[in-house]
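Structure assessment
The residues making up each chain are set out below.
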Amino acid sequence: MTTKKPLFNQKIAFIFLSFLALVLPFLSHVYAQPRFTRFLRTKTSDALKYDAKNDRLVTPTTQDIKNEIILAGQIDAKKVATVKFKASGRLAWVGVEVGDYVKKGQALASLDKIELRKELDRELNDFKTALHDFNDIQDTYEETRQRFLVTDEIRRILDRAQYDLNNSVIDYELDEITLRYSTLTTPIAGIITNIEEPYAGVNITPATAEITIINPASIYFTAEIDEEDVINVKEGQKANITLDISPENSISSAITYISFIPISGQSSTVYDIRFLLSLDNSSFSYRLGMNGDATIITQQQDSVLTLPVEAIFEDNDQKFVLLKQTNDTIKEQLIKTGIESDDFIQILEGIKPNDQIVIKKR
């Protein structure tokens, strides 16, 4: 026995599909409109008019505008030297203290030279002994060599004698170098910032008697810059430095270095960036670790038309403003923009200086 139920279901499906075919184009048209346009058109007709009580009215302003990057950082120094002795020994003399200013090449500390000279004398004696042994062996096998009767065993004996003599010469020269460098000097001028062994009379090793010198004239400002901003800056670009110790003073500067690889150990990708500090630091007023901000201007235009940021809305990569008409109605006006600062945006096209722009609550 046949039933009409499947035919009934087919009719329902046909009606539903026909309904979708009619409704979907309408919905796609509505939701393809700019965001703020949909907001206006889904409200009552009063929303299309300027409301003096709730809306804010602004006019374009002609002013200078700039886009800038502000980076927090601190003072560091380029010329930093850590010196230490080449060999172990007894520390006989320390001629500086932390905080002293030293000149390039100035002596800082010295090992006990008496002990080092004794070591050198012993190596000299070892050299003389090796030389005599070498000569004795040469004399012993002189006749054998002249007759060309040198066997492999004799050749090894002669080679060992030569090696022993060579090693004795090397040992003597190494001790001579140790004696020569037993007085520690600084390769740069600067301030003594650390002395690991400040007192004479103790036995030290190269790893336990470091002295650190920093040249205060080599200071610079260093900061970290995000990967999104680093593509907008380059070496030589001008900047301004403001230090926390004197926030009212702006120091003219320039970018001197941007690292090619990111700083390791950071949660995001950031790069080391350094700025010139052309300051007279003879009185040591500017010290390592002092904090401040570096301001880099990436774009700047003078005397251009601008609007507040909140007056502009965006949809589908297009920007609009709400332009007030003479009858208090509102027109959605397409515009083109330029430089954007924290508070204002440059207007390139779309409105005139005397236009009135409505800012509605969002």
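Residues numbered from 1 in each chain as written. Predicted model: local features only at pLDDT ≥ 70, side-chain atom pairs only at ≥ 80, totals over all residues. Heavy atoms only, no water.

Points about the nonpolar core
Grouped burial of nonpolar side chains is what soluble globular proteins tend to show. Formed by 22 residues in total, the largest nonpolar core has its most connected members in Leu-71, Phe-221, Val-233, Ile-241, Ile-273, Phe-275 and Ile-296. At the level of secondary structure, the elements contributing two or more residues to this core comprise β2 (61-77), β11 (219-226), β12 (238-243), β13 (251-258), β14 (270-276) and β15 (291-308). Here Val-233 is in contact with Ile-69, Ile-225, Ile-255, Ile-258, Ile-273 and Ile-296, once residues within four sequence places are set aside. Ranked by size, the runner-up nonpolar core spans 21 residues in total, among them Ala-81, Phe-85, Leu-91 and Ile-188. (Core = buried A, V, L, I, M, F, W, Y, C linked by side-chain atoms within 4.5 Å. Buried < 20%, exposed > 50% of the residue type's maximum accessible area, 1.4 Å probe, protein only. Helix = DSSP H or I, 4+ residues; strand = E, 2+ residues; numbered from the N terminus. Contact = heavy atoms within 4.5 Å.)

Description of the packing of aromatic side chains
Enumeration according to the criterion identifies 3 aromatic pairs in this entry. Geometrically, the ring pair formed by Phe-313 and Phe-320 is stacked, given 5.7 Å between the ring centres and 20 degrees between the ring planes. (Phe/Tyr/Trp six-rings, centres within 6.5 Å; stacked < 30°, edge-to-face > 60°.)

Let's talk about the environment of Asp-126
When you line up the elements, Asp-126 lands in helix α3 (residues 113-140). Separated by 46 residues in the primary sequence, Asp-126 and Tyr-172 have C-alpha atoms spaced 8.5 Å apart.

Thoughts on the sheet that holds strand β6 (residues 107-111)
With respect to topology, 4 strands assemble into an open sheet ordered β7-β6-β4-β9, the strand pairing being antiparallel. Pairing within the sheet leaves two strands with one partner each, and these edge strands are β7 (183-185) and β9 (203-204). Bridge count for β6 against β7 is 3 bridges, and the pairing is antiparallel. From the neighbouring strand, Ala-109 faces β7, where its bridge partner is Leu-184. (Pairing = 2+ DSSP bridges.)

Topic: empty space enclosed by the protein
Taken as a whole and judged by the stated rule, the model has 1 cavity of 30 Å³ or more. Within this model, the largest cavity holds a volume of roughly 40 Å³. If you go around the largest cavity, the residues you meet are Phe-85, Leu-91, Ala-109, Ile-195, Glu-197, Ala-209 and Ile-211. Of the residues belonging to the lining of the largest cavity, the class tally is 6 nonpolar, no polar and 1 charged. (1 Å grid on protein atoms, 1.4 Å probe; cavity = no way out; pocket = protein on both sides within 12 Å on 5 of 7 lines; lining within 4 Å. Points joined across faces, edges and corners; volume = space filled by probe spheres on them. Nonpolar A, V, L, I, M, F, W, Y, C, P; charged D, E, K, R; others polar.)

Read these as geometric descriptors, not functional statements.
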